[in-house]
Amino acid sequence: MSVQNKEIASPFAMLAFTVLVAAVAQAQDVSFIARRDVGSFYYAAIVAAGDFNGDGSLDLVVGGSRDISVLLGNGDGTFRRVETISIEITRSIAVGDFNRDGVPDLATLTNFGSAVSVLLGIGDGGFWPARNFPVPGGANSLALGDFNGDGLLDIAVASASYTTVSVLLGNGTGGFQAPQSFQAGSQPFSVVAGDFNGDGVLDLAAANSPSDTISVLLGNGDGSFQVARSFAAGSSPGYVAAGELNGDGRLDLVVSSFGSNSLSVLLGNGDGSFQSPRTFEVGSFPGPIALGDFNGDGVPDCVVGHSSIISPDTISVLLGDGNGGFDTARVYGVGGTPGSLVLGDFNADGRLDLATVNYPSSTVSVPSR
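Residues numbered from 1 in each chain as written. Predicted model: local features only at pLDDT ≥ 70, side-chain atom pairs only at ≥ 80, totals over all residues. Heavy atoms only, no water.

Attention now moves to the packing of aromatic side chains. Here a ring pair, both rings aromatic, is described through the centre-centre distance and the interplanar angle of the planes. Enumeration according to the criterion identifies 11 aromatic pairs in this entry. A ring pair is formed by Phe147 and Phe225, whose centres lie 5.9 Å apart and whose planes are at 65°; its orientation type is edge-to-face. Separated by 78 residues along the polypeptide, Phe147 in the loop between strand 11 (139–145) and strand 12 (154–159) and Phe225 in the loop between strand 17 (213–217) and strand 18 (229–232) bring together distant segments of the chain. Phe225 matches Phe147 in its accessibility class, with the two residues each being buried. A ring pair is formed by Phe196 and Phe274, whose centres lie 5.7 Å apart and whose planes are at 70°; its orientation type is edge-to-face. Of this pair, Phe196 sits in the loop between strand 15 (188–194) and strand 16 (203–208) while Phe274 sits in the loop between strand 21 (262–266) and strand 22 (278–281); the two residues are 78 residues apart in sequence, bridging distant segments of the chain. Since its relative accessible area comes to 2%, Phe196 is described here as buried. (Phe/Tyr/Trp six-rings, centres within 6.5 Å; stacked < 30°, edge-to-face > 60°. Helix = DSSP H or I, 4+ residues; strand = E, 2+ residues; numbered from the N terminus. Buried < 20%, exposed > 50% of the residue type's maximum accessible area, 1.4 Å probe, protein only.)

Overall, antiparallel pairing links the 4 strands, which are arranged 7-8-9-10 in an open sheet. Looking at strand neighbours, the two that pair on one side only are strand 7 (93–96) and strand 10 (131–134), the edges of this open sheet. Adjacent strand axes in the sheet meet at a mean angle of 25° when their direction is disregarded. By the bridge criterion, 5 bridges tie strand 8 (residues 105–110) to strand 9 (residues 115–119) in an arrangement that is antiparallel. Looking at the pairing, Leu106 lines up with Leu119 of strand 9. (Pairing = 2+ DSSP bridges. Axes fitted to C-alpha atoms, helices over the stretch in contact; angles between N-to-C directions.)

Whenever strands of a sheet pair, they do so through backbone hydrogen bonds, lying parallel or antiparallel. Across the sheet, 4 strands lie side by side as 11-12-13-14; this open sheet has antiparallel pairing. Of all the strands in the sheet, the pair left with one neighbour each is strand 11 and strand 14 (180–183). Shown here is a sheet whose adjacent strand axes are inclined to one another by a mean of 25°, direction ignored. In the sheet, strand 11 pairs with strand 12 via 6 bridges, with the strands oriented antiparallel. If you follow Ala143 over to strand 12, its bridge partner there is Ala156.

Counting residues in each nonpolar core, the largest one holds 17 residues, and the members touching the most others are Phe98, Val116, Val118, Ile155 and Val157. Among the secondary structure elements, those contributing two or more residues to this core are strand 8, strand 9, strand 11 and strand 12. In terms of residues, this core owes the most to one element, strand 11, which gives 3 residues. Counting residues in each nonpolar core, the second largest holds 16 residues, with Phe294, Val303, Val334 and Leu352 among its members. (Core = buried A, V, L, I, M, F, W, Y, C linked by side-chain atoms within 4.5 Å.)

Confidence in the prediction of the protein chain, expressed as mean pLDDT, is 87, and 87% of residues score 70 or more. Throughout residues 1–15 the model reports pLDDT below 50, and contacts reaching past four residues in sequence, or to other chains, amount to 72 contacts. Of the regions scoring below 50 in pLDDT, residues 365–369 engages in 30 contacts with residues more than four places distant in sequence or in other chains. (pLDDT = per-residue confidence, 0-100. Contact = heavy atoms within 4.5 Å.)

Turning our attention to the pattern of salt bridges. Applying the stated criterion across every chain yields a total of 2 salt bridges. Ionic pairing is found between Arg330 and Asp327, a salt bridge with its closest N-O pair at 3.6 Å. Exposure remark for Arg330: the relative accessible area of 22% places this residue in the partly exposed category. A salt bridge links Arg351 to Asp349; the shortest N-O distance between them is 2.9 Å. Using a relative accessible area of 24% as the deciding quantity, one classes Arg351 as partly exposed. Asp349 sits in the partly exposed class, given a relative accessible area of 27%. (Salt bridge = Lys/Arg side-chain N within 4 Å of Asp/Glu carboxyl O.)

With that out of the way, let us pick up the environment of Thr90. Relative to the helices and strands, Thr90 is located in the loop between strand 6 (79–86) and strand 7. The spacing of Thr90 and Ala115 is 25 residues in sequence and 9.9 Å in space, taken between C-alpha atoms. A polar contact of 2.7 Å, which involves the side chain of Thr90, links it to the backbone oxygen of Gly64. (Polar contact = N/O pair within 3.5 Å; in protein donor to acceptor, adjacent residues only side chain to side chain.)

So, in structure tokens, the structure goes:
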């Protein structure tokens, strides 16, 4: 089961969510089919995707201030709501198999970022009651990966209040050890996992908004990490994603720079260090980001949600050029101000689609053909 990286609740993301289906006619072009609205949610702020009932169709989970809703996919881009799970305020969510039963589970930050709540999947779209694991307070973001090489999923948590990234090692049954904390820079807002130095061990990168930097923590392979190294990353970096952008086999970083209305691209050198950022205009107040190939040319593209009344109810798609850069942003409307997004093929047509959670709408918008 592939791990779906979560997005972070923000002051701009409170209600509802949108699904857009990419209709790709040819390389270097991308368009989206019209939306239609279904359901309603209470202060929804985050979204993640996975096949929770084993039918081969991607499903969605939507988290908010008091519950998580499960929407099972029908395989055609439409969804049906099947369960609502009561849980305290959720800030971030991820999907992975924590107990090795082949059924996707959920990890989410709850109780104002002071705990990781793990909900094990039953296999029919439902989940067992949450188990809570304390983490340093003020956590905003989590990422999944096998950080100690034992074949079991672990959890990394970025805690802005404590300027740390904490790692909870999994035991393979859905339980986790007490967190180990590592200094990560000034108020890390988001975190992503990847092998940035090519040694086969997962590393971490965290976006530090107040210091305009990315902190990179190289993994030792036992669940611990080396002292963080900082790299310039634009003005007020908020969200970070990792991908191979220029075909050199080295992981690169893309950061949404809230303070400069741009994307910053940091090309990796392959040793855990990164080049100076390249900047690409993206529109006002870029927020959550994700990388995926929208136009079928084999090169990662970037989608960005805008958290601003200046460019309300929009996302931008920037097509990758294969050299570590992006084309001019293409702007598309969604059902509100997007504060979280997830990618997946929701209608099984072999093309990448997009779901966003938006403010202030209270509906889920899904594609129609």
